[in-house]
Every structure is written in structure tokens, then in C-alpha cells.
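# Close look at the chain arrangement
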Amino acid sequence: MLELRGVSKEYGSRKVLNNINFSLGDQEILGFLGPNGAGKTTTMNIITGFLSSTSGTVTLNGHEILEDPLNCKKQIGYLPEQPPLYPEMTAESYLSFVFDLKKITLQKKEHIAEICGLTGITDVRSRIIKNLSKGYQQRVGLAQAMLGNPNLLILDEPTVGLDPKQILEVRELIRELGKRCAVIFSSHILQEIQSVCTRIIIINNGAIIADDTPQKLSSLAGENNLLLCAQLPEKVSPNDLVQYIKKISGLKSVKRADSAAESGSFEFLLEVETGKDIRVELFKLLAEKNWPILSLKKSGISLEEAFLRLTAGDSSKLIALFNKGAEK
């Protein structure tokens, strides 16, 4: 549905985007992550046709954005971080104006009423926008993006200014919209991305460094970690176990985990060298001491930790790990 191939953007000698490549299918919700200045907003502005790329192509349902901008823009709904509102207008008159501006051919009154219902602004549609709370102004901005039932919805920080209840409602709305169109969702709140998106792209220094599901990104970054839960006698401390199993070949580190375990048992996080399998030796050692293993499983990391590791100064090894995982 959407395809970016070799997209780069330069301002003089400064390269903001460097060879961006990805595609997006129908009804896919894509989380777009990256630190400030990574190139997220530039990429989204190029997709919408607001900016032109220095090189590369953006194609939407067979139409290239620079060659056929009108056809492409008709298929895109865009909510920038600062909603493009006219504060002196009522919400309804503003949506009517945007409806005409987009040259939408649907039944105007019925369509605007439907969008107001979807975004939860029916009760305030007759009020002047500047008198609305920031949360409702954000909803009006979301409503204008949804006018015309676009094939692609681009949302840049759509929950800014919303209270916790409204944030949950917008998350649910985005999930529902993902059943009707493709969605690109940019946010600094990683919990939102993880709860809403089916796929995540992480961009850093103008280049894509990861592209996978939230679960895979977390598990790949922690694929050499094991979480051990063991039962210890009263006179044995967790530190005794740590010191005892340190001699296992291939075990890089072991530390007590913060997570709670059942009474009389303790959890430990084990970092293992790549390619090593220590499970048999670990079992034998603990069996000799009669310290039962209650569970032993791979331990992924949180999406937040994966994001921080990937965007750290030297993330080449982790990026290679993600690329290796993507090939499987």
C-alpha cells in the first residue's frame, strides 16, 4: 500500500535522512520511534508530500507522491504534533471547511457526524475551538485527519494533552482505525506504541536501525538472557547461589532479579555468551545442592530498554543482532 525506496533528505552538506526503505500493508499499525532529531517528522512530511526528498521515491497505491501529489494526498489523513486548527471557528464549521478543502464526495452532514462520533466530540461540535480544552482540540485535529476515510492515517504524537481516560480512548480508537486503514503512529510514550502497534520501526541519525514486532524487538535484544527461579533452603542466601554458579563456562554474569517470587524462592537474571547453552550444567549444579529449579526461561527486555540500547552511542552489535533476527 505504502512503499518508501531509497528516500534521502539533505540540507546542504547535512544529511537528515539516509536511504530509508520500508513498506506498509493495508490495516497495519506501524509505530515510528526515534530520539529527537532522528528524522521521524521529516520522513512523515515527505510521505505526506509536504516536503520533497532529495532522492528516492514514495509510492501510495501505485501513485508516486511527487508525480501524482493530488491522488496521493486524497488518500492520506495527517495529524501533526501541533493540530492545524482555526481557533475562532466552531469544531463543526472547521470540519466542514476541511471537508470542502479536501473535496470529499461523501454525504457531508452524515460523514461529519460519523467522524465526530468516532472521535468523541459530538457534544462540543458547536463550540468555538479556542474555548475547548487541549484534549478536545487534539480530538478535533484527529477528526480532520479522519475526514474522507483515508487509506493511510499519519499520527504524530496524537495523545499529547489528553488525560489518562482520553489516552485510553484514543488508543482504542487507533486500534479500530487499524481495521479500516493503515496507520503510522509516532509517539515518545513507548507504552502506547507497545499496546497499539503491530509493528515498530526505530530510526536514529536518519537511518532505520530496527523493524519488527514489539515482542520480537524486546526478545531479540535479550535473547542471551535467562531468568532462573530457584527454591533455596532457609540458611542459603541468594548470594550463595550467585557465587556457586559463577563457575559455569559461558555464563557472563548473574544477578538477583527485582521481580517478586513465591515464598522461599528467588529469581536471578543470567547473561550468557552468544551461542552457549548452560542449561544442562546449571541443572546438574543445583541438583547437587538440592536447590530445586522452579522455572528457567529466556528473558527478553522491555521495549523501552531495547529502544535505549539501539539508540545509544555504539549500538552496532545490537543492530546486527536485530538484522540477524529479521532474516529468520
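Keep in mind it's a predicted model, so treat the numbers as computed, not measured.

Attention shifts here to the nonpolar core. In terms of nonpolar packing, the biggest core is built from 45 residues, with Val183 and Ile202 touching the most fellow members. Grouped together as the second largest cluster of nonpolar side chains are 25 residues, Leu30, Ile46, Ile65 and Ile203 included.

The next subject is the layout of surface pockets. It is a probe the size of a water molecule, rolled over the atoms, that shows where empty space is left. Roughly 860 Å³ of volume is contained in the largest pocket. Lining the largest pocket are 24 residues, with Lys73, Ile76, Leu101, Lys102 and Gln144 positioned closest to its centre. Every element with two or more residues in the lining of the largest pocket is listed here: α1 (40-48), α2 (69-74), β6 (76-79) and α3 (91-101). It is α3 that provides the largest number of residues to the lining of the largest pocket, a total of 4 residues.

Our focus in this paragraph is the sheet that holds strand β5 (residues 63-64). Spatially, β2-β1-β4-β5 is the arrangement adopted by the 4 strands of the open sheet, whose pairing is antiparallel. Edge strands, defined here as strands with exactly one partner in the open sheet, are β2 (14-24) and β5.

The next thing to look at is the pattern of salt bridges. One pass over the structure, following the stated rule, counts 13 salt bridges. Residue Arg5 pairs with Glu3 through a salt bridge whose shortest N-O separation is 3.1 Å. Residue classification places Arg5 among the partly exposed residues on the basis of a relative accessible area of 37%. The class of Glu3 is partly exposed, set by a relative accessible area of 33%. Here Lys179 makes a salt bridge to Glu176, at a shortest N to O gap of 3.1 Å. A single salt-bridge network, built from bridges that share partners, covers Glu28, Arg199 and Asp211.

Relative to the helices and strands, Thr42 resides in helix α1. When near neighbours in sequence (up to four residues on either side) are disregarded, Thr42 contacts Lys9, Val16, Leu17 and Leu51.

Attention shifts here to the packing of aromatic side chains. A full pass over the atoms with the stated rule returns 4 aromatic pairs. Ring centres 6.3 Å apart and planes at 45° place the aromatic pair Phe22 and Phe32 in the tilted group. Here Phe22 is found in strand β2, whereas its partner Phe32 is found in strand β3 (residues 29-33), with 10 residues between them in sequence. On the basis of relative accessible area, Phe22 is assigned to the buried category, the value being 4%. Both rings, one in Tyr86 and one in Phe97, keep their centres 5.6 Å apart while their planes meet at 90°; by these two values the pair is edge-to-face.

On to helix α10 (residues 279-288), then. Of the positions making up α10, those classed as buried are Leu282, Leu285 and Leu286. Taken end-on, α10 shows its buried residues confined to a sector of 90°, consistent with a single buried face. The outward face of α10, more than 90 degrees from its buried face, is lined by the exposed residues Val280, Phe283, Lys284 and Glu288. Buried residues along α10 sit against β11 (225-231), α9 (238-245), β13 (265-272) and β14 (293-298). Remark: Asn290 follows α10 within two positions and exhibits a positive phi of approximately 60°.

With that out of the way, let us pick up helix α5 (residues 134-146). Count 3.6 residues to each turn of an α-helix, and residues three or four apart come out pointing the same way. Counted at 1.5 Å a residue, the expected span for α5 with its 13 residues is 18 Å, and the 19 Å between its end C-alpha atoms agrees. Of all 13 residues making up α5, 10 are buried, and the element is well covered by its neighbours. Restricting attention to buried positions, one finds in α5 the residues Gly135, Gln138, Arg139, Val140, Gly141, Leu142, Ala143, Gln144, Ala145 and Met146. Where α5 is buried, its residues touch β6, α3, α4 (108-119), β7 (152-156) and α6 (164-177). Within two residues after α5, Gly148 carries a phi angle of roughly 90°, on the positive side.

For the pair α3 and α4, the least separation of the axes is 11 Å and the interaxial angle reads 120°. In terms of orientation, α3 and α4 fall into the oblique class. Pair α3 / α4 crosses with right-handed handedness. Only Lys108, His111, Ile112 and Cys116 of α4 make contact with α3, whose side of the interface consists of Leu95, Ser96, Phe99 and Asp100.

Spatially, 6 strands are ordered β6-β7-β8-β3-β9-β10 in an open sheet, and the strand pairing comes out mixed. With partners counted over all chains shown, the strands left at the sheet margins are β6 and β10 (207-212), one partner each. Strand after strand, the sheet turns through a mean of 15° between neighbouring axes, direction not considered. The sheet contacts of α1 involve β3, β6, β7, β8 (182-186) and β9 (199-204), and relative to β7 the element is tilted by about 150°. Of the strands in this sheet, β6 and β7 are in contact with α5, which crosses β6 at around 165°.

Calculation criteria
- Residues numbered from 1 in each chain as written.
- Predicted model: local features only at pLDDT ≥ 70, side-chain atom pairs only at ≥ 80, totals over all residues.
- Heavy atoms only, no water.
- Core = buried A, V, L, I, M, F, W, Y, C linked by side-chain atoms within 4.5 Å.
- Buried < 20%, exposed > 50% of the residue type's maximum accessible area, 1.4 Å probe, protein only.
- 1 Å grid on protein atoms, 1.4 Å probe; cavity = no way out; pocket = protein on both sides within 12 Å on 5 of 7 lines; lining within 4 Å.
- Points joined across faces, edges and corners; volume = space filled by probe spheres on them.
- Helix = DSSP H or I, 4+ residues; strand = E, 2+ residues; numbered from the N terminus.
- Pairing = 2+ DSSP bridges.
- Salt bridge = Lys/Arg side-chain N within 4 Å of Asp/Glu carboxyl O.
- Contact = heavy atoms within 4.5 Å.
- Phe/Tyr/Trp six-rings, centres within 6.5 Å; stacked < 30°, edge-to-face > 60°.
- Arc of directions from axis to C-beta.
- Expected span 1.5 Å × (residues − 1).
- Axes fitted to C-alpha atoms, helices over the stretch in contact; angles between N-to-C directions.
- Parallel < 35°, antiparallel > 145°, perpendicular 65-115°, else oblique.
- Left-handed = near helix turned anticlockwise from the far one by under 90°.

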